[in-house]
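As a plain string of letters, each chain reads:
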Amino acid sequence: MSQATEVIVPAREGRGVCVEKGQLLDIVDLEGHQVGDLIAWFRDDPSEYLSPTHTVSCNASILLVTGSQLFSNHRNPVFTILRDDVEKHDIIVPCCDHERFKRDYGLDDHPHCLANLEQARDLLGEDVELRGETAWNVFMHNRVTDDGDVVTDPAAHEAGATITLQVHEDLVVLLSACPQDLTPCNDFNPTSMMMRVRDE
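Rules behind the numbers
Residues numbered from 1 in each chain as written. Predicted model: local features only at pLDDT ≥ 70, side-chain atom pairs only at ≥ 80, totals over all residues. Heavy atoms only, no water. Helix = DSSP H or I, 4+ residues; strand = E, 2+ residues; numbered from the N terminus. Contact = heavy atoms within 4.5 Å. Patch = residues over 30% accessible without salt bridge, like charges linked within 9 Å, V, L, I, M, F, W, Y side chains within 5 Å. Areas by Shrake-Rupley, 256 points an atom, 1.4 Å probe, with all protein chains shown as cover. Salt bridge = Lys/Arg side-chain N within 4 Å of Asp/Glu carboxyl O. Lys, Arg positive; Asp, Glu negative; His and termini not counted. Charge placed at Lys NZ, Arg CZ, Asp CG, Glu CD. Buried < 20%, exposed > 50% of the residue type's maximum accessible area, 1.4 Å probe, protein only. Phe/Tyr/Trp six-rings, centres within 6.5 Å; stacked < 30°, edge-to-face > 60°. Pairing = 2+ DSSP bridges. Axes fitted to C-alpha atoms, helices over the stretch in contact; angles between N-to-C directions.

1. A look at the environment of V144
And then number 1: By the secondary structure assignment, V144 is in strand β9 (residues 142–144).
And then number 2: Sequence spacing of V144 and I62 is 82 residues, and the spatial spacing of their C-alpha atoms is 9.7 Å.
And then number 3: Apart from residues no more than four positions distant in its own chain, V144 is found in contact with I62, I92, D149 and V150.

This is the structure in structure tokens:
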């Protein structure tokens, strides 16, 4: 087995990796109770990208568990979940942005996942416009009530919780260690994460 590549995503920041078809990508919560917002696109054609809404349509479900696949905007498989210590994720809510904190909290300068993902993109030297609705909220404990309300519960998983994704295309993958500290999604205490790329 070749040596794995590990990238630490500091709390409240974003980082990225390039992965190849057939590799495995581990997303690890290093300290526990942390959510990560993930964006991915095809390296040879950035117009094809991981699409939460197409994933919901292809799976006919908003649930993602071990064995689930995530799909592109052209309904091609992007990832298959091989291991999932948490099996709670959100795939219907876009990542937070400047407008979210301005509208909901009256804050002009709070860190947010879209800016973190743009930081990750820039550190990789990529030139792709990012949109919040293409983000998958890994480990986010959102639930939909019988009345249709979306409720955010504290992330209950502990340090070391991991999701392993089988990669189906050559991809650029960006991850934000979510900086949200005004809802329970990170237990009000954003912390660091890690991406590990390996061949098997």
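2. Section: a negative patch on the surface
And then number 1: There is a patch of like negative charges on the surface, built from E20, D44, D45, D170, D199 and E200.
And then number 2: Counting through the fold element by element, D199 comes out in the segment after β13 (193–198).
And then number 3: On the basis of relative accessible area, D199 is assigned to the partly exposed category, the value being 40%.

3. Overview of a nonpolar patch on the surface
And then number 1: Taken together, the side chains of I62, L63, I92, V144 and V150 define a hydrophobic patch exposed on the protein surface, amounting to about 420 Å² of accessible area.
And then number 2: Mapped onto the secondary structure, I62 falls in the loop between α1 (52–59) and β6 (69–71).
And then number 3: Classification of I62 by relative accessible area gives partly exposed; the value is 37%.

4. Description of the environment of A40
And then number 1: On the secondary structure map, A40 appears in strand β4 (residues 36–42).
And then number 2: Put simply, A40 and T145 are 105 residues apart on the chain and 29 Å apart in space, counted from C-alpha to C-alpha.
And then number 3: Ignoring anything within four residues of it in the chain, the contact list for A40 reads Y49, L50, F79, V172 and V173.

5. What about the packing of aromatic side chains?
And then number 1: In total, this model carries one aromatic pair according to the counting rule given.
And then number 2: Pairing F101 with Y105 gives two aromatic rings, centres 5.6 Å apart and planes at 35°, and the pair type is tilted. Residue F101 and its partner Y105 are located together in helix α2 (residues 98–105), separated by four residues, close to a single helical turn.
And then number 3: Residue Y105 is classed as partly exposed on the basis of its relative accessible area of 30%.

6. Quick word on the pattern of salt bridges
And then number 1: Within this structure, the stated rule accounts for twelve salt bridges.
And then number 2: One salt bridge connects R196 with D26, and the closest N-O pair in it is separated by 2.9 Å. Of this pair, R196 sits in strand β13 while D26 sits in strand β3 (residues 24–29); the two residues are 170 residues apart in sequence, bridging distant segments of the chain.
And then number 3: Among the ionic pairs, R103 bridges to D104, the shortest N-O distance being 2.7 Å.

7. A closer look at unusual backbone geometry
Glycine aside, a negative phi is what most residues show, and trans is what most peptide bonds show.
And then number 1: In the Ramachandran plot, R12 falls in the positive-phi region, its phi being about 70° despite a non-glycine side chain.
And then number 2: Topologically, R12 is positioned in the loop between β1 (5–9) and β2 (14–19).
And then number 3: At F139, a position not held by glycine, the phi torsion is positive, near 70°.
And then number 4: With respect to the helices, strands and loops of the structure, F139 is situated in the loop between β8 (136–138) and β9.

8. Quick look at the sheet that holds strand β7 (residues 77–84)
And then number 1: Strand order in the open sheet formed by six strands is β1-β13-β3-β11-β7-β6, and the pairing between neighbours is antiparallel. Strand pairing shows two members of the sheet lacking a second neighbour, β1 and β6, which therefore form its edges. Here the strands of the sheet are splayed against their neighbours by 25° on average, with no regard to which way each runs.
And then number 2: For β3 and β13, the ladder comprises six bridges, and the chain directions are antiparallel. Across the sheet, the residue bridging to L24 is R198, located in β13.

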